[in-house]
Amino acid sequence: PGTRLVLTGAHPDYKNIVPLSEDNKSGQIKSDQIRELLPFMMHKPARGGWRIAIIDSMDDVNRSGANSLLKLLEEPPEQAVIFLIASRIGHLPPTIRSRCRHVRMTRLVPDACVEVLKRIWPDADTNQLEILVKLSQGAPGQAIQLADSGAADLYQLACALLHSKKMDQPALANLCVKWGQGAAAGHKIRAGAIFCIDRLLRHAALRASEVKAGDLCGFEIPVIERLAQSHSAEQLARFHNEFVANAAKAESLYLDFPRFLERHLTKIYEKSLP
């Protein structure tokens, strides 16, 4: 009975906090949602067991929300457990990290990740699954998000444009419009854009440093080679840092994401010309 209540969202002692789908331009978990945890956790369990809350994920909680959560972590109630899911633990405030028990979920080996994805998409093309596994580095959840949002397909197109002898500017602009959809509905595909370009620049910097990179997709290798031949490792690292910092600013300030993306991809392409 308890399992059925959890699956239907009706369990009085269970709370799952995820980004709201309506009236949410940023796609983040709002601080009001975090503050609602305080009264929920302070009451005794209705069914005599434990109070359980899951925040999925802390990557979507802004600084204000993290500060609201800190009060609860400083004075944890009895018979209560909070699961904080995060893919970038280094981005969490030290005050949050120091008050949690860390359980690190390791990535799956490629064959195991392919097997998981085959259970979800039994009719999927094996080559496409292998691409998703390489892009996600063995994280099935990341692979699913890249596929379902369309970010993986757009990344392949972006690599083709960046490797072309002459940039097709209208095609790039169209790509960025698709890849930079606004409001909460476009949060996952924007996150996919950041993830993929972050990956591209990071691997190009490693290649320029003559450091062995991870397992690359076939469509990534030519553009990474071109970037590594056209720039020093320091320049590519600077491009990477600028992109990550400006992407965070574009998301937090609700800037024109397609324009931001087009500007950075154009800069990467122009500075990689012979």
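Residues numbered from 1 in each chain as written. Predicted model: local features only at pLDDT ≥ 70, side-chain atom pairs only at ≥ 80, totals over all residues. Heavy atoms only, no water.

Enquirer: For this particular structure, what's the right way to read the packing of aromatic side chains?
Expert: Aromatic ring pairs are reported here in terms of the distance separating the ring centres and the angle at which the planes meet. One pass over the full model with this rule turns up 3 aromatic pairs. Ring geometry for F257 versus F260: centroids 5.2 Å apart, planes at 55 degrees, classification tilted. With F257 and F260 both in helix α14 (residues 257-270), this residue pair falls 3 residues apart, about one helical turn. Pairwise contacts between aromatic rings join F243, F257 and F260 into one cluster. Geometry around F40 places R51 over its ring, the cationic atom sitting 4.6 Å from the centre. (Phe/Tyr/Trp six-rings, centres within 6.5 Å; stacked < 30°, edge-to-face > 60°. Helix = DSSP H or I, 4+ residues; strand = E, 2+ residues; numbered from the N terminus. Lys NZ or Arg CZ within 6 Å of the ring centre and 35° of its normal.)

Enquirer: Looking at this model, I keep getting lost on the nonpolar core. Mind explaining?
Expert: Side chains that are nonpolar tend, in soluble globular proteins, to be buried together. Core analysis: the largest hydrophobic core is formed by 49 residues, its most contacted members being L135, Y155, W179, L200, L261 and L265. The leading source of residues in this core is helix α11 (residues 187-208), at 9 residues. (Core = buried A, V, L, I, M, F, W, Y, C linked by side-chain atoms within 4.5 Å. Buried < 20%, exposed > 50% of the residue type's maximum accessible area, 1.4 Å probe, protein only.)

Enquirer: Would you explain the environment of S209 in this entry?
Expert: Along the chain, S209 falls in the loop between α11 and α12 (221-230). C-alpha of S209 to C-alpha of L255: the two residues are 46 residues apart in sequence and 33 Å apart in space.

Enquirer: Can you walk me through the pairing of strand β2 (residues 51-56) in this structure?
Expert: Strand residues, when the strand is regular, have side chains that alternate between the two faces of the sheet. Bridging between strand β1 (residues 14-17) and β2 involves 4 bridges; their strand directions are parallel. Across the sheet, N16 pairs through a bridge with I54, a residue of β2. Pairing geometry for β2 and strand β3 (residues 80-85), over 6 bridges, is parallel. By the bridge assignment for β3, R51 is matched with A80. Traced from β2 through helix α4 (residues 63-74) to β3, the parallel crossover comes out right-handed. (Pairing = 2+ DSSP bridges. Right-handed = clockwise from strand over helix to strand, strands pointing away.)

Enquirer: What is the right way to look at the sheet that holds β1 in this model?
Expert: Taken together, the 3 strands give an open sheet; going across it, the order is β1-β2-β3, and neighbouring strands pair in parallel fashion. Of all the strands in the sheet, just β1 and β3 have a single pairing partner and so form its edges. Within the sheet, the average angular offset between the axes of one strand and its neighbour, ignoring direction, is 10 degrees. (Axes fitted to C-alpha atoms, helices over the stretch in contact; angles between N-to-C directions.)

Enquirer: Sorry, what's going on with the layout of surface pockets here?
Expert: The gaps of empty space that remain are located by a probe, the size of a water molecule, rolled over the atoms. The calculated volume of the second largest pocket comes to roughly 180 Å³. What lines the second largest pocket is a set of 13 residues, among which P110, E130, V133, K134 and D215 lie closest to the centre. Residues that form the lining of the second largest pocket fall into these classes: 4 nonpolar, 4 polar and 5 charged. (1 Å grid on protein atoms, 1.4 Å probe; cavity = no way out; pocket = protein on both sides within 12 Å on 5 of 7 lines; lining within 4 Å. Points joined across faces, edges and corners; volume = space filled by probe spheres on them. Nonpolar A, V, L, I, M, F, W, Y, C, P; charged D, E, K, R; others polar.)

Enquirer: Explain the pattern of salt bridges to me, please; I cannot follow it from the model alone.
Expert: Side chains bearing opposite charge may pair, as long as their charged atoms lie close to each other. In total, this model carries 9 salt bridges according to the counting rule given. The shortest N-O distance in the salt bridge between E74 and R99 comes to 3.7 Å. In this pair, E74 is assigned in helix α4 and R99 in the loop between α5 (94-97) and α6 (110-120), connecting sequence segments 25 residues apart. By relative accessible area, which is 39% here, R99 ends up partly exposed. The partner of E251 in a salt bridge is R190, and the shortest N-O contact between them spans 2.7 Å. With a gap of 61 residues between them, E251 in helix α13 (residues 233-252) and R190 in helix α11 connect regions that are remote in the sequence. Classification of E251 by relative accessible area gives buried; the value is 18%. Looking at R190, the relative accessible area reads 4%, which means it is buried. (Salt bridge = Lys/Arg side-chain N within 4 Å of Asp/Glu carboxyl O.)

Enquirer: Before we go on, may I ask you to explain the packing of helix α9 (residues 151-163) against helix α10 (residues 169-179) in this structure?
Expert: Working note: a packed helix pair is described by the angle between its axes plus the distance between those axes. Between α9 and α10, the shortest axis-to-axis distance is 11 Å and the interhelical angle comes to 160 degrees. Classified by the angle their axes make, α9 and α10 are roughly antiparallel. With respect to the hand of their crossing, α9 and α10 are arranged in left-handed fashion. For the pair α9 and α10, contact is made by A151, L154, Y155, L157, A158 and L161 and by A171, L172, L175, K178 and W179, respectively. Looking at the contact of α9 with α10 residue by residue, the classes come out as 10 nonpolar, no polar and 1 charged. (Parallel < 35°, antiparallel > 145°, perpendicular 65-115°, else oblique. Left-handed = near helix turned anticlockwise from the far one by under 90°. Contact = heavy atoms within 4.5 Å.)

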